[in-house]
Amino acid sequence: MAKDTRHTRDAAEDTLDVLVVGAGFAGMYAIHRFRELDLNVKVIEAGSDVGGTWYWNRYPGARCDVPSLEYSFGFSKELEQDWHWPEVFSAQKDILRYADHVAERFDLRRSIQFNTRVTSVEYLEEDNRWRITTDKGETFEAPCCVMATGCLSVPNKPELPGAEDFTGQTLHTGLWPKEPVDLSGKRVGIIGTGSSGVQVIPELARQAQHLTVFQRTPVYTVPANRKPMRGAVEQEFKDNYPQIRESQWNNQGGVSNFRPVKSVAPDRARYLNRGEGLKIKSMTPDERRRQLDDRGLESILSFSDIYADLEANEIANELFRDKIRSMINDPEVAEGLMPRGFGIGCKRQVLDRDYFDTFNRDDVTLVDLRSSPLETITETGIRTSTEHHEFDVLIYATGFDAMTGALLKANITGRNGQSLRDKWEHGPVAYLGLQMHGFPNLFTVTGPGSPSVLCNMLVAIEQHVNWIGDCIAYLKARNLATIEPRPESELEWIGHVNDVAEGTMFTSPGCNSWYLGANIPGKPRIFMPYVGGFPRYRERCEFEASRDYPGFQINA
Ligand code: N01
């Protein structure tokens, strides 16, 4: 098909410095920061509004697992002080309200073209420019391009036999409709019990006439600390924000772990101390059980030896399974819900509200796909090797093509016509998760090889956007044409990313997570995020910027 080269110009486009793909929190902050640096920026966004992951994941029960006072922008002291979070861990709708407020407050929407999907991103070598083509047949050009496309933004819908035959309603948690979905009186089937499934299942059970949960892998999930925000606690946080933000930047996962002391009653303060630092191997079986009984199932995560010692981890796994036995009425259902064959800490920790209790309801059925594999989807439900289950609505909570999915889907082509797909055939190769050799002036926010999903995303995003903005401003101020990593920098960094993941629970035997690409058939098995910690990573980025980018090639 002939390429549509119609070029849509807006008033500022001739002087555009940067094109950004995506108006989630990364794209939003990029507009603000780039404007501060006097860079002319335009953002292309597929959705009809800002918010990224929180725009698309509207399923009932969607909620953040980082406290909102920490999962929020730190670039504006006024914003920090003015915004009120109604709950400690925010629901999706409150995070979207925050995104809307940020967009209004900093007048971001005038730089965003909504309802437009990018279909290709191409380097024009002779001009040292990037051209973006959209599904509307438009093209836009600029010397630099920033992919702010998110780590979990391409929903994974597995190809299951008979999927097209189902005549009822089909939904995906990662593409939940904006319009309310009424499930009352409906029979609902759901596939998937990761973070999304675990959050939505109790909500579906409350709404639907009957819920059937198709589970392939049981999950280690612990109750979320779900509470309304108390004014005094919020104020104490706000009074300490400078110190909190500094702690975030010096913490492995970008969270300050700030504990309010003035606004918390002494007995509560004791409760908040979940026994961090205790070693499970140094305790007797009775002491371990007492720890969970007294401080809750979530305290299992605080044993300090379970993340690097497989034997300690297995003791914790058995303790977890014991707890499930005591929580679930039907022993067969309890057995079905017990994770085995991989340990706590291999996957992203899942937090829930009433998850296990849900399986004590008469109107909820657990189907264990390990003992009864899914044979086919039918017109009216799912047939497993043992039974046909009928329902009106089928929900996929089957996750995402994480970290690389959105970048590959954008059809990026660099120098000499090399596609990113070809470059990453055997796994993502990038320097600091920021840039790829052969793709000059193309930047990725929280790309593979950066702390990204192992870090508080808002903190990771701010650090990346700041670095990218400074780098582009550096080129512009010196009239330099392009920057890209040296090939040896990429290889050395990827080696380091793999080395630090080695020996952790993330890469332990039996671990199959989306961090490793293991949820997508055919995807290279590589541990993608950087597990070496945010401070160490940040230092490396700062080293590059402060020494005129020695790990990069710069062309005049
Ligand atoms: O996706 P997942 P998710 N047949 O990949 C199952 C973030 N997040 O959307 O494990 C049957 O974790 C799959 O089974 P298995 C967070 O970072 C955060 O739930 O592959 N089942 C699994 O049970 C999280 O880690 C929050 O055997 C199939 C499920 O689908 C990330 O997003 C909330 C299947 C997918 O689980 C992804 O979570 C929500 C098949 N063919 C999400 N294919 C919070 O902040 C897949 N599955 C709280």
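See the structure above.
Below: a short report on this structure. (Residues numbered from 1 in each chain as written. Predicted model: local features only at pLDDT ≥ 70, side-chain atom pairs only at ≥ 80, totals over all residues. Heavy atoms only, no water.)

**Considering the sheet that holds strand S14 (residues 374–377)**
In any sheet, the strands associate via hydrogen bonds between backbone groups, in a parallel or an antiparallel arrangement.
Next up, step 1: Sheet architecture is open: three strands sit in the order S14-S15-S16, paired in antiparallel fashion. Among the strands making up the open sheet, the edge pair consists of S14 and strand S16 (388–390). Taken pair by pair, the neighbouring strands of this sheet meet at an average axis angle of 20°, ignoring direction.
Next up, step 2: Pairing analysis gives three bridges linking S14 to strand S15 (residues 381–384), with the strands arranged antiparallel. If you follow Thr376 over to S15, its bridge partner there is Arg383. (Pairing = 2+ DSSP bridges. Helix = DSSP H or I, 4+ residues; strand = E, 2+ residues; numbered from the N terminus. Axes fitted to C-alpha atoms, helices over the stretch in contact; angles between N-to-C directions.)

**Considerations on the packing of aromatic side chains**
A ring pair, where both rings are aromatic, is described by two values, the distance of the centres and the angle of the planes.
Next up, step 1: Applying the stated criterion across every chain, the model contains 36 aromatic pairs.
Next up, step 2: A centroid spacing of 5.6 Å and a plane angle of 90° characterise the contact between Trp467 and Tyr549, whose relative ring orientation is edge-to-face. Remark: Tyr549 occurs in the loop between helix H17 (534–546) and strand S21 (552–555) and Trp467 occurs in helix H15 (residues 457–477); sequence separation between them is 82 residues. The same class applies to Trp467 and to Tyr549, which are both buried.
Next up, step 3: Members of the aromatic cluster, joined through ring pairs, are Phe25, Tyr29, Trp54, Tyr71, Phe73, Phe75, Trp83, Trp85, Tyr98 and Phe106.
Next up, step 4: For the cation-ring pair, Arg58 lies above Tyr55, with the distance from its terminal atom to the ring centre recorded as 4.8 Å.
Next up, step 5: The ring of Tyr474 carries Arg478 above its face, with NZ or CZ at 3.8 Å from the centroid. (Phe/Tyr/Trp six-rings, centres within 6.5 Å; stacked < 30°, edge-to-face > 60°. Buried < 20%, exposed > 50% of the residue type's maximum accessible area, 1.4 Å probe, protein only. Lys NZ or Arg CZ within 6 Å of the ring centre and 35° of its normal.)

**Some points on the state of the cysteines**
Disulfides are covalent bonds that link the sulfur atoms of two cysteine residues.
Next up, step 1: Summed over the entire model, instances satisfying the criterion amount to one disulfide.
Next up, step 2: Each sulfur of the disulfide joining Cys346 and Cys511 lies 2.1 Å from the other. As the torsion about the S-S bond is roughly 90°, the Cys346-Cys511 disulfide counts as right-handed. One end of the pair, Cys346, is in the loop between helix H11 (331–336) and strand S12 (350–352); the other, Cys511, is in the loop between helix H16 (487–501) and H17, with 165 residues separating them in the sequence.
Next up, step 3: Since its relative accessible area comes to 1%, Cys511 is described here as buried.
Next up, step 4: Cysteine Cys151 remains unbridged, with the sulfur of Cys455 as its closest cysteine sulfur at 11 Å.
Next up, step 5: Taking relative accessible area as the criterion, Cys151 reaches 5% and is therefore assigned buried. (Disulfide = S-S within 2.5 Å.)

**What about H15?**
Next up, step 1: The end-to-end C-alpha distance of H15 is 30 Å, a good match for the 30 Å that 21 residues give at a rise of 1.5 Å each.
Next up, step 2: Burial analysis of H15 places 16 of its 21 residues in the buried class, the great majority of the element. (Expected span 1.5 Å × (residues − 1).)

**Topic: the sheet that holds strand S4 (residues 118–124)**
Next up, step 1: Taken together, the four strands give an open sheet; going across it, the order is S6-S5-S4-S18, and neighbouring strands pair in mixed fashion. Lying at the two open borders of the sheet, with one neighbouring strand each, are strand S6 (139–142) and strand S18 (412–413).
Next up, step 2: Direction of pairing for strand S5 (residues 129–134) relative to S6: antiparallel, over a ladder of four bridges. Note on S6: the bridge partner recorded for Ile132 is Phe140.

**What about H17?**
Next up, step 1: The first and last C-alpha atoms of H17 sit 18 Å apart over 13 residues, in line with the 18 Å expected at 1.5 Å per residue.
Next up, step 2: The set of residues buried in H17 consists of Phe534, Pro535, Tyr537, Arg538, Cys541 and Glu544.
Next up, step 3: Packed against the buried residues of H17 are helix H7 (241–249), H15, H16 and S21. (Contact = heavy atoms within 4.5 Å.)

**Remarks on the pairing of strand S10 (residues 210–215)**
Next up, step 1: Of all six residues in S10, five are buried; the element is thus mostly enclosed.
Next up, step 2: Sheet topology places strand S9 (residues 187–191) next to S10; five bridges connect them, and they run parallel. Each bridged residue has a counterpart across the sheet, and for Val188 the counterpart in S10 is Leu211.
Next up, step 3: Following the chain from S9 across helix H5 (residues 195–207) to the adjacent parallel S10, one finds a crossover that is right-handed.
Next up, step 4: Two strands pair when backbone bridges link them, and S10 and strand S13 (residues 364–368) are joined in this way by five bridges, in the parallel orientation. The residue of S13 that forms the bridge with Leu211 is Val364. (Right-handed = clockwise from strand over helix to strand, strands pointing away.)

**Examining the site of the ligand**
Next up, step 1: The environment of the ligand is formed by 24 residues, the closest being Thr193, Ser196, Arg216, Thr217 and Trp514.
Next up, step 2: Contacts to the ligand include Ser196, whose side-chain N or O atom sits 2.6 Å from an oxygen atom.
Next up, step 3: When isolated, the ligand has an accessible area of 910 Å², and the protein chains bury 87% of it.
Next up, step 4: For the shell around the ligand, the element with the highest residue contribution is H5, accounting for three residues.
Next up, step 5: Partitioning the shell around the ligand into residue classes produces 10 nonpolar, nine polar and five charged. (Near = heavy atom within 4 Å. Polar contact = N/O pair within 3.5 Å; in protein donor to acceptor, adjacent residues only side chain to side chain. Areas by Shrake-Rupley, 256 points an atom, 1.4 Å probe, with all protein chains shown as cover. Nonpolar A, V, L, I, M, F, W, Y, C, P; charged D, E, K, R; others polar.)

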